[in-house]
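# Descriptive analysis of the structure
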Amino acid sequence: MPDMKTKLREFQSLLVYLPRALQLVWLPAPKWTIAWGLMLIILGVLPAISIALTRLLVDRVVVAIEMGANWQSFQLILYPSAYMGGIFIFTQLLNGSFNWIDQAHSMVVQDYIRSLIHQKTSTVDMGCYDSPAFHNQLRQVLEDASDCPLLLMDDLGSLLRNRITLIGMAAILLPYGLWLPIILLLSTLPVLGVSLRH
């Protein structure tokens, strides 16, 4: 099994290809890419909003219990509950929209990459088409090339979304003490280590 230094060197050597892969995703569909990124940011912020509303709701429920069962105590918990329900429904709708945008974006990018491959193969010497090795390589390129930039974008998007959520959670925990966000950030290191190792 390769050690951590070897994996980091491999990772650094692959970073050279990152701008080209991002360009392959951006060029055919800049509007879809922007929509995908905006949805990703919003979906990263929503869990933190949900947690903040949960804290507000719990605080209001405690006050409502102290007030007793009456209309004012019911009104105290009505609005935070409605906001939480609205955030939940909005998150579900946004997840569906995000999946739709991701699929549409993926199809446009895959078509673009396949057209680039076909343009390149039209310039190849006709003698290459007689070679079984060329056909095997062409088939492999057609199958894999259009997916690699999209997989990279999905991984980067997931990383961005999770970091936004993590920062939002840290901001919510900050009023309770500086040590809580630090522990939260440190708690993500083992997962990062495991993902780098495998």
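That block above? That's the structure.
In short, a report on the structure. (Residues numbered from 1 in each chain as written. Predicted model: local features only at pLDDT ≥ 70, side-chain atom pairs only at ≥ 80, totals over all residues. Heavy atoms only, no water.)

## Let's talk about the overall build of the chain
Using the following cut-off: The helix count covers DSSP runs of H or I at least four residues long, the strand count covers runs of E at least two residues long, and both are numbered beginning at the N terminus. The globule rule used here is 2.2 Å times the number of residues to the 0.38 power, and the radius of gyration it is set against is calculated over C-alpha atoms. Every residue pair with non-hydrogen atoms within 4.5 Å of one another is taken to be in contact. For the area figures, the Shrake-Rupley method with a 1.4 Å probe applies, and any residue is considered shielded solely by the protein chains shown. Note that His is not counted, nor are the chain ends; the positive residues are Lys and Arg, and the negative ones are Asp and Glu. The atoms used to mark charge sites are NZ of Lys, CZ of Arg, CG of Asp and CD of Glu.
For the chain, the helix and strand inventory stands at eight helices and zero strands. Expected size for 198 residues packed as a compact globule is a radius of gyration near 16 Å; at 24 Å, the chain overshoots this value by more than 25%. Counted over contacts in the chain with a minimum sequence separation of 6, partners at least 24 positions apart contribute 77%. Surface accessibility of the chain: about 13400 Å² in total, with carbon and sulfur atoms responsible for 69%. A gap of 7 Å separates the mean positions of the 13 positive and 13 negative side-chain charges of the chain.

## Focus on the nonpolar core
Across soluble globular proteins, nonpolar side chains show a tendency to be buried alongside one another. Where we set the bar: Remark: nonpolar core denotes a set of buried residues (Ala, Val, Leu, Ile, Met, Phe, Trp, Tyr, Cys) joined through side-chain atoms within 4.5 Å. Residue burial is assigned from relative accessible area. The probe radius is 1.4 Å, only protein chains are included, and a residue is buried under 20% of its type maximum, exposed over 50%, and partly exposed in between.
Residues Trp36 and Phe98 are the most contacted members of the largest nonpolar core, which totals 19 residues. Mapped by element, the contributors of at least two residues to this core are helix H2 (18-26), helix H3 (30-67), helix H4 (71-122), helix H5 (132-144) and helix H6 (148-173). The element that contributes the greatest number of residues to this core is H4, accounting for seven residues. The contact partners of Phe98, leaving out residues within four places of it in the chain, are Trp36, Met39, Leu40 and Leu43.

## Quick word on the packing of aromatic side chains
Going by this rule: Side-chain rings of Phe, Tyr and Trp, where Trp is taken by its six-membered ring, are said to pair if the distance between their centres is within 6.5 Å; with planes under 30 degrees apart they count as stacked, over 60 as edge-to-face, and otherwise as tilted.
Under the counting rule described, the total for this entry stands at three aromatic pairs. Between Trp32 and Trp100, the aromatic rings sit 5.4 Å apart at their centres with planes inclined by 70 degrees, giving edge-to-face as the arrangement. Residue Trp32 is located in helix H3, and its partner Trp100 is located in helix H4; the two are separated by 68 residues in the primary sequence.

## Side note on the environment of Leu18
Counting through the fold element by element, Leu18 comes out in helix H2. Taking the C-alpha atoms as reference points, Leu18 and Asn99, 81 residues apart in sequence, are found 23 Å from one another. With sequence-adjacent residues up to four places away left out, Leu18 is seen in contact with Leu152 and Leu156.

## Let's talk about the packing of H4 against H5
Two measures define how a pair of helices packs: the angle their axes make with one another and the distance between the axes. Put simply, the test is: Each axis is a line fitted through C-alpha atoms, and for a helix only the stretch in contact is used; angles between axes span 0 to 180 degrees, taken between their N-to-C directions. Orientation categories follow fixed angle ranges, with anything under 35 degrees roughly parallel, anything over 145 roughly antiparallel, 65 to 115 roughly perpendicular, and all other angles oblique. Should the near helix be turned counterclockwise from the far one by less than a right angle, the crossing is left-handed, whereas a clockwise turn marks it as right-handed. Throughout this entry, Asp, Glu, Lys and Arg are counted as charged residues, while Ala, Val, Leu, Ile, Met, Phe, Trp, Tyr, Cys and Pro are counted as nonpolar. The remaining residues, Gly among them, count as polar.
Close contact between H4 and H5 brings their axes to 9 Å; oriented N to C, the two are set at 160 degrees. In terms of axis orientation, H4 runs roughly antiparallel to H5. In this structure, H4 crosses over H5, and the sense of that crossing is right-handed. In this structure, H4 uses Arg114, Ile117, His118 and Thr121 to contact H5, whose residues at the interface are Leu138, Val141 and Leu142. Classifying every residue of the contact of H4 with H5 gives four nonpolar, two polar and one charged.

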